Amino acid sequence: MRNGEDLEGFDGEASSTSMISGASSPYQPTTEPVSQRRGLGGLRCDLDYLRGTFGRIKLAEVVLALIAFICIETIMECSPCEGLYFFEFVSCSALVVTGVLLLMFSLNLHTRIPQINWNLTDLVNTGLSTLFFFIASVVLAALNHKTGAEIAAVIFGFLAMAVYAVNTYLAIKKWRMNSRQQNSRQTSDYIRARTESREVDHRPEIQRLDA
């Protein structure tokens, strides 16, 4: 049997060995939560969306709305000014809302707020932008003074309206497709449930076990 000194020496060697192995190990313990260490690492740019049809349309909408807003801001004199102010409001609003939606979709932030129907939100935005860009461009074309900035604003306003109209059409088409898929899924689930219930009704041994 080992005496006390041998046991103490053995414990000292074991503790020193564990310290050395712990220092050389690359997997060091940590008390920091994983979520805190990640920080903003959860944000990821969805390149597939930006390269897709809706991503490219959103980029075109933002660029055209920005150019239209810049053109209308370069006009120094107006009489009357109601058409200019309305066009300015429409282009600025479309730029801000569409830019926010572009960021939400390209960074997948919309998946973190599932309470909002983002497809319907995008559809409403594109539909209203199409309507208001059409009205603002027609009014500005009727009331302008043939200056270069006004003509450029009208041209980019109609271009933005056309792009928003295409986006509205594609959004409606996508919304209808998703609605049909959801309805067909619900119908198949209902049929499956009815079939299973009928199978249970035709099995007397299951009824006896339940009784």
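Labelled according to an unreviewed UniProt entry, the protein appears under the name CKLF-like MARVEL transmembrane domain-containing protein 4, originating from Aythya fuligula. According to its UniProt record, the protein has this under Subcellular location (unreviewed entry): "Membrane".

Novice: Explain the UniProt feature "transmembrane region" (unreviewed entry) in the protein to me, using residue names and the numbers behind them.
Specialist: As recorded in UniProt, the sites labelled "transmembrane region" (unreviewed entry) are residues 59–77, 83–105, 126–145 and 151–172. For residues 83–105, helix accounts for 100% and strand for 0%, while the C-alpha atoms at its two ends are 33 Å apart. The span residues 151–172 carries 100% helix and 0% strand; its end-to-end C-alpha distance comes to 32 Å.

Novice: Could you give an account of the packing of aromatic side chains, naming the residues involved and the relevant values?
Specialist: Applying the stated rule across the entire model yields five aromatic pairs. Seen in terms of ring centroids, Tyr 49 and Phe 105 are 5.7 Å apart; in terms of plane orientation they differ by 50°. Their pairing is tilted. Linking Tyr 49 in helix H3 (residues 47–51) with Phe 105 in helix H5 (residues 82–106), this pair joins segments that are 56 residues apart in sequence. Note on Tyr 49: relative accessible area 17%, which makes it buried. A relative accessible area of 8% places Phe 105 in the buried class. Ring centres of Phe 86 and Phe 132 lie 6.4 Å apart, and the angle between their planes is 75°; this geometry places the pair in the edge-to-face category. Of this pair, Phe 86 sits in helix H5 while Phe 132 is found in helix H6 (residues 118–143), placing the two residues 46 residues apart along the sequence.

Novice: Before we move on, could you go through the side chain of Asp 122 and cite the residues and values that matter?
Specialist: Inspection of the secondary structure puts Asp 122 in helix H6. Non-local contacts of Asp 122, meaning those with residues more than four positions away in its chain, are made with Lys 58, Leu 101, Phe 105 and Asn 167.

Novice: Give a description of the pattern of salt bridges that names residues and reports values.
Specialist: Tallied over the entire structure, the rule returns two salt bridges. One salt bridge connects Lys 58 with Glu 61, and the closest N-O pair in it is separated by 3.9 Å. Taken together, the residues Lys 58 and Glu 61, both in helix H4 (residues 53–73) and three residues apart, mark about one turn of the helix. Across the pair, exposure class does not vary: Lys 58 and Glu 61 are buried alike.

Novice: I'd like a rundown of empty space enclosed by the protein, residues and numbers included.
Specialist: With the rule as written, the count across this model stands at one cavity of 30 Å³ or more. Considered as a void within the structure, the largest cavity measures approximately 40 Å³ in volume. In terms of lining, the largest cavity is formed by Cys 78, Pro 80, Gly 83, Leu 84, Leu 140, Leu 143, His 145 and Glu 150. For the lining of the largest cavity, the secondary structure elements donating two or more residues are H5 and H6. Here the lining of the largest cavity is composed, by residue class, of five nonpolar, two polar and one charged.

Scoring rules and cut-offs
Residues numbered from 1 in each chain as written. Predicted model: local features only at pLDDT ≥ 70, side-chain atom pairs only at ≥ 80, totals over all residues. Heavy atoms only, no water. UniProt positions renumbered as here; feature names shortened; annotations may be inferred. Helix = DSSP H or I, 4+ residues; strand = E, 2+ residues; numbered from the N terminus. Phe/Tyr/Trp six-rings, centres within 6.5 Å; stacked < 30°, edge-to-face > 60°. Buried < 20%, exposed > 50% of the residue type's maximum accessible area, 1.4 Å probe, protein only. Contact = heavy atoms within 4.5 Å. Salt bridge = Lys/Arg side-chain N within 4 Å of Asp/Glu carboxyl O. 1 Å grid on protein atoms, 1.4 Å probe; cavity = no way out; pocket = protein on both sides within 12 Å on 5 of 7 lines; lining within 4 Å. Points joined across faces, edges and corners; volume = space filled by probe spheres on them. Nonpolar A, V, L, I, M, F, W, Y, C, P; charged D, E, K, R; others polar.

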